[in-house]
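# Overview (structure and organization)
Here are the chains, one letter per residue:
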Amino acid sequence: METVQRFKSGAELYKGTTEPNPQDPQFINNPDGILNETDGREMDPEIYQKDIDERITRIRPMATPVDQISRFAAVQHASSFEVRYYAVGTRPVMTRLVSAVAESANATSVALEVADPDMFTLDDTIRVVGIKAVKDYRGASYDQSAATTPDLCLCVCGKTSEGQPIVYAVNGKEINRQNIGLPAIPVGTTLIRMGKSCGELDVQTGRFSSLPTSELQYCQNFMAQIEQSTLDKIAKKEVNWGFTDLEEDSIYDMRLAMENSFLFGDMNMVKHSTKDGMAQWFTKGIWWQAGKDLVVGSRNSNNVAVITDNDLVDLSKDLFIGTGIGNKRKVLLCGSDFLATLSKISSDKFRLKDTVEVWNLKFKSWETDFGEILAMHDELFDMNGMSECAFALDPEFLTKKTHLSWSRNILDLKKAGVRNTDAVVIQEISCLYLRYASAHARLRLQPAE
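First, a word on scope: everything that follows refers to the structure included in this document. For clarity, every value in this text was computed on a predicted model and none was experimentally measured.

Bringing the sheet that holds strand β21 (residues 372-377) into the picture now. Reading across from one edge, β15-β25-β22-β18-β21-β20-β19 is the order of the seven strands in this open sheet, with mixed pairing throughout. Two strands bound the open sheet, and with one partner strand each, they are β15 (292-296) and β19 (355-358). Each neighbouring strand pair of the sheet contributes to a mean axis angle of 30°, computed without reference to strand direction.

Assignment of secondary structure puts Leu315 in helix α7 (residues 309-320). Given the relative accessible area of 3%, Leu315 is considered buried. Taking the C-alpha atoms as reference, Leu315 lies 8.9 Å from Gly297; in sequence the two are 18 residues apart. The contacts of Leu315, once residues within four sequence positions are left out, are Leu294, Val296, Trp366 and Leu443.

What follows covers unusual backbone geometry. You will see that Trp359, though not glycine, has its phi angle at about 55°, which is positive. With a phi angle near 65°, Asn360 is a residue other than glycine that sits in the positive phi range. Along the chain, Asn360 turns up in the loop between β19 and β20 (361-367).

One open sheet accounts for six strands, arranged β3-β10-β5-β6-β7-β4; its pairing is antiparallel. Bordering the open sheet on either side are β3 (94-96) and β4 (110-111), each of which pairs with just one other strand. Both β4 and strand β7 (residues 165-169) contribute to a ladder of two bridges, which runs antiparallel. Bridging across to β7, Ala111 finds its partner in Ile166.

Our next topic: the nonpolar core. Of all hydrophobic cores here, the largest spans 36 residues; its most connected members are Ile286, Phe363, Phe381, Phe391 and Leu393. Tallying contributions element by element places helix α6 (residues 243-264) first for this core, with seven residues. The residues touching Ile286, leaving out its near neighbours within four places in the chain, are Val66, Phe262, Leu263, Phe391, Leu393, Leu398, Leu432 and Leu434. Counting residues in each nonpolar core, the second largest holds 22 residues, with Ala305, Phe338, Leu342 and Ile373 among its members.

Here α7 contains twelve residues, and its C-alpha end-to-end distance of 17 Å stays within 8% of the 16 Å for a straight helix at 1.5 Å per residue. Taken residue by residue, α7 has Asp311, Leu312, Leu315, Ser316, Leu319 and Phe320 as its buried positions. The buried side chains of α7 occupy one side of the element, clustering within an arc of 150° when seen end-on.

Before going further, it helps to spend a moment on helix α8 (residues 336-343). Among all positions of α8, only Phe338, Leu339, Thr341 and Leu342 are buried. The buried residues of α8 occupy an angular sector of 160° when the element is viewed end-on, so they sit on one face.

You can see Ser316 is positioned in helix α7. A residue is classified by how much of its surface remains accessible, and Ser316, at 2% relative accessible area, is buried. Once the C-alpha coordinates of Ser316 and Lys330 are considered, the two residues, 14 residues apart in sequence, prove to be 9.8 Å apart. Leave out the neighbours within four places in its chain, and Ser316 touches Thr368 and Phe370.

In this section: the packing of aromatic side chains. Counted under the stated rule, the structure contains ten aromatic pairs. For the ring pair Trp287 and Phe391, a centre distance of 5.9 Å and an interplane angle of 40° mean the geometry is tilted. Pair noted here: Trp287 is in the loop between β14 (279-282) and β15 and Phe391 is in strand β22 (residues 389-393), with a separation of 104 residues, a long-range link. On the basis of relative accessibility, which here comes to 1%, the residue Trp287 falls in the buried class. Their ring planes at 85° and their centres at 6.0 Å tell us that Trp359 and Phe363 sit as a pair that is edge-to-face. For Phe363, a relative accessible area of 1% gives the class buried. An aromatic cluster of three or more residues is present, and its members are Phe264, Trp287, Trp288, Phe381 and Phe391.

Procedures and definitions
Residues numbered from 1 in each chain as written. Predicted model: local features only at pLDDT ≥ 70, side-chain atom pairs only at ≥ 80, totals over all residues. Heavy atoms only, no water. Pairing = 2+ DSSP bridges. Helix = DSSP H or I, 4+ residues; strand = E, 2+ residues; numbered from the N terminus. Axes fitted to C-alpha atoms, helices over the stretch in contact; angles between N-to-C directions. Buried < 20%, exposed > 50% of the residue type's maximum accessible area, 1.4 Å probe, protein only. Contact = heavy atoms within 4.5 Å. Core = buried A, V, L, I, M, F, W, Y, C linked by side-chain atoms within 4.5 Å. Expected span 1.5 Å × (residues − 1). Arc of directions from axis to C-beta. Phe/Tyr/Trp six-rings, centres within 6.5 Å; stacked < 30°, edge-to-face > 60°.

Put into structure tokens, the structure is as follows:
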């Protein structure tokens, strides 16, 4: 299988035009006008990779969806086996109270104990979900049963030594002729961060800075070697099966094995005695990089997994809400039991209907009020004993790094006196990583009792 794209010669490139310009980039460092691969990669390092990827992606793509999607993404070059990547998330807007608050007697401010104190800074206002306001701005008492009564609002006026917010109420109990006293707030109450409220003479407020967090990933040296003996090559066969067929089959096998590593591998670098202390790098699978774990559906009286319309609504909400910067399209790679349970939905609203083809892959499209889900069966989940699992991937935040892009190297074993065979080594040194972990999720059906 030919996998090398050749440039036209300088004469062919300029055929029918004026004389070549010696300062043209195509002739820099190449006075003879013979454009070789080294010069070609310097001018456009992606051209060879794109050509090879276009060929590779046609080889049984449905069996390796993660590798397939990654080859359509913008491939980034890695200068070494170690890849450090950075992501900046958005500041959370929701947290919960981890310790109950007693009703204020005379205190004008109270320290809260919340699950995520870092999300608050000075002058932030907070909505206390489900706890009604006590008095309005005129000092009149609110009707606690009225649907129009707002929730209690707080304002951050300081921080404790542990970093927990100190707050006063905006529409609470009357203390010192102002409605700043807090009513009782039970543990587990949801708190929503709202906009800042600064004073008339303020020129500064609570500082918020955002730094990207770094993660480490290793590229793995994937290789496959194909050989065919000279005698087998010249032997008459009933089936037209040659070296090209061997190579295509080997590429499929290599991609399938890479897919397993890209999904479920773990990261390490080992210097084993069998390699004479040479370093071997192992890449981490994206299954372990996702930021969410979701349990889907329930079990009926026969202990069979069931997904209802309400379960689907909750699932789509969990997939698309709270990711900060997630997109409105997710890819759902499913084990057979997971997809079968989804497919048994009889609702016209949620039944998997349309077939959508993207990245040379065929999906069943599932439109929800929160976003679109493209679902497909991934046999690797079944092979790994995970038929009741699925992986929700945001393809916009899947990145591929290559230390050595897919290459095909011919070995002359005959001349080297090793074996009387035709031999080719296929190699790629690469890794995948997920940016914004909360945009991706591990899914499992409700476990059997």
